[in-house]
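Overview (structure and organization)
Read off the chains here:
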Amino acid sequence: MKILSIESSCDETAAAVVEDGRRVLSSIVASQVEEHKIYGGVVPEIASRRHVEAISGVVKSALSDANCTLDDIEAIAVTYAPGLIGALLVGVNYAKGLSMASGLPLVPVHHLRSHIAANYITHPELKPPFLCLVVSGGHSHIVEVKDYTSFKVIGYTHDDAAGEAMDKAARAMGLPYPGGLNLDRVAKDGNPNAYKMPHPRVDGAPYDFSFSGLKTAVLNTINQAKQKGEEISVPDLGASYIKAVVNCLTQNTEKAACDLGYNKIVLAGGVSANSVLRRDMEALCKKHGWELYAPELKYCGDNGAMVGAQGYYEYVSGNTADLSLNAVASMIIE
Ligand code: KG4
Ligand code: ZN
């Protein structure tokens, strides 16, 4: 079964054709990164406008790259929540128009569910249940994935998301947007033990995260160095910071997996591209004899293929929408 999928929740206009939730026939991603770079982050109004300009061409390219017309497609999947509302609306309305014109069923897909489903593309053998660390620009969750459309959030962040924390620290260190990626690159040459960082814990909630204290620690380190007229080593501070964030992510995931008896661990979301997180999670899983799964790097960030992967399982479980479907800025994955 071929699904045409559309994603426009943030600053990537993307579309794909995916077969049976696992085989990517085409995947087109039009990134707006260069445009938002000069502002140091995503400007929602600009994002919406660029989606409007790009979406038609992106969808057409996805169909032609897959050697398909709408006649070969059986459903249209679209990201409808959560995300920037004006950005989401472009994809949702485009998908509704296509659905109305073609008579094809419309499948609403939750953005974080699709990040998890990126793993089904990379690992054809992967099936739920498993424990998933979902770390994106807007969310940090530890999720029990009980089935393809059944989720339980057991850990979440009390302030910044992991990606947001990476972006803010990168910005404080003078690195350009996209912060997380540039921080990862610069920190590769750094000493992760050069600067002392706190290890924030949330009292009484061992699977929850809090990253705002780490961000403050970075700002304090930079300001104190300035006052003393000392130079900061960005690679060293970056490496120390990433180590601290990743320690929180791995330790909470380890505790959750031990407590709940999971031996299959899955990474998802933009931050799952982080080299230190991937390395440390691999070591952790090796230590326990657990299996680790992470998406291919090209499917870690926002893309249409992951929407098509999750869209298939949503469709199979009867989750379709009519033309009253609306975009929603925030919505829990459950
Ligand atoms: O999942 P995603 O593409 O978009 C959202 O759904 O939010 O995640 C974007 C986040 C950004 O905060 C970005 O800085 C972060 O993922 N990110 C990284 C890396 N690549 C992207 N963070 C750390 N290391 C990376 N290599
Ligand atoms: Zn995302």
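Data block above holds the structure.
We now turn to the structure provided with this report. What you are looking at is a predicted structure, and each value in this text was computed from that prediction instead of being measured. (Residues numbered from 1 in each chain as written. Chains lettered and ligands numbered in written order. Predicted model: local features only at pLDDT ≥ 70, side-chain atom pairs only at ≥ 80, totals over all residues. Heavy atoms only, no water.)

What about the overall build of the protein?
This is how it is decided: In this text, helices come from DSSP runs of H or I with a minimum length of four residues, and strands from runs of E with a minimum of two, each type numbered from the N-terminal end. Under the scheme applied here, a residue whose accessible area is under 20% of the maximum for its type counts as buried, over 50% as exposed, and between as partly exposed, the area being computed with a 1.4 Å probe on protein chains only. Only heavy atoms enter the contact rule, under which two residues are in contact if any of them lie within 4.5 Å. We get accessible surface area from the Shrake-Rupley algorithm with a probe of 1.4 Å; when it comes to residues, only the shown protein chains can shield them. His residues and chain termini do not enter the charge count, which takes Lys and Arg as positive and Asp and Glu as negative. Think of each charge as sitting on NZ of Lys, CZ of Arg, CG of Asp or CD of Glu.
When you go through the protein residue by residue, the secondary structure sums to 10 helices and 10 strands. Relative to its 334 residues, the protein shows a buried fraction of 54%. Sequence-distant contacts, at least 24 apart, represent 74% of the contacts inside the protein between residues at least 6 apart. Summed over all atoms, the accessible surface of the protein reaches about 14000 Å², with 50% contributed by carbon and sulfur. Of the side chains in the protein, 29 bear a positive and 37 a negative charge, and the two mean positions are spaced by 4 Å.

Structural notes on the pairing of strand β7 (residues 140-147)
Put simply, the test is: Any two strands with at least two DSSP bridges between them are considered paired.
Here β7 lies mainly inside the structure; six of its eight residues are buried. Relative to β7, strand β6 (residues 130-135) runs antiparallel, the two being bridged by six bridges. Looking across to β7, one finds that L131 is bridged to E144. Two successive antiparallel strands, β6 and β7, enclose a turn made up of four residues. Bridging between β7 and strand β8 (residues 150-156) involves six bridges; their strand directions are antiparallel. Looking at β8, one finds that V143 is bridged to V153. Between the end of β7 and the start of β8, which pair antiparallel, lie two residues.

Structural notes on the environment of N303
Put simply, the rule is: Think of a polar contact as two N or O atoms within 3.5 Å of one another; within protein, one of them needs to be a possible hydrogen donor and the other a possible acceptor, and neighboring residues in sequence only count if both atoms come from side chains.
Checked against the element boundaries, N303 lands in the loop between β10 (291-293) and α10 (305-316). Residue N303 is classed as buried on the basis of its relative accessible area, which comes to 0%. Once residues within four sequence positions are removed from consideration, N303 is found in contact with E7, A14, V29 and K298. Among the polar contacts made by the side chain of N303, one reaches the main-chain carbonyl oxygen of G301 at a distance of 2.8 Å. Reaching out from N303, the side chain makes a polar contact with the backbone nitrogen of M306 at a distance of 2.8 Å.

Here's the deal with the coordination of the zinc ion (ligand 2)
As a reminder, the rule being used: In this analysis a donor is any N, O or S atom within 2.8 Å of a metal ion (3.2 Å for sodium, potassium and calcium), and since water is not included, sites may seem incomplete.
Looking at the zinc ion (ligand 2), one finds its protein donor set to be H111 (NE2), H115 (NE2) and D302 (OD), positioned 2.0 to 2.1 Å from the metal centre. Taken in chain order, the donor set of the zinc ion (ligand 2) reads H-x3-H-x186-D. With a gap of four residues between them, H111 and H115 both fall in helix α4 (residues 111-122), about one helical turn apart. H115 carries the same exposure label as H111, and that label is buried.

Digging into the site of ligand 1
Put simply, the test is: Any residue with a heavy atom lying within 4 Å of a molecule or strand is counted as near it. Ten residue types, Ala, Val, Leu, Ile, Met, Phe, Trp, Tyr, Cys and Pro, are classed as nonpolar, four, Asp, Glu, Lys and Arg, as charged, and the remainder, Gly among them, as polar.
Near ligand 1 you find 18 residues, and of these H115, G137, D167, D184 and G270 are the closest. Between ligand 1 and the protein, one listed contact pairs an oxygen atom with a backbone N or O atom of G138 at 3.5 Å. Backbone polar atom of D302 to an oxygen atom of ligand 1: 3.4 Å apart, as the coordinates give it. For ligand 1, the accessible surface in isolation is 550 Å², of which the surrounding protein chains cover 84%. Only α4, α5 (162-172) and α6 (179-187) provide two or more residues apiece to the shell around ligand 1. In terms of residue class, the shell around ligand 1 is made up of three nonpolar, 11 polar and four charged.

A short note on the nonpolar core
So the rule is basically this: Side-chain atoms within 4.5 Å are what join buried Ala, Val, Leu, Ile, Met, Phe, Trp, Tyr and Cys residues into a set we call a nonpolar core.
In this structure, L133, M173, F211, Y241, L249 and L277 are the most contacted members of the largest nonpolar core, which totals 44 residues. Those elements giving two or more residues to this core turn out to be β6, α5, α6, α7 (212-228), α8 (234-260), β9 (264-268) and α9 (275-288). For this core, the element with the highest residue contribution is α8, accounting for 11 residues. When near neighbours in sequence (up to four residues on either side) are disregarded, F211 contacts S140, T157, D159, D160, A161, A162, A165, V245, C248 and L249. A118, I121, C132 and V134 belong to the second largest nonpolar core, which has 34 residues in total.

Coordinates in, geometry out; function isn't part of it.
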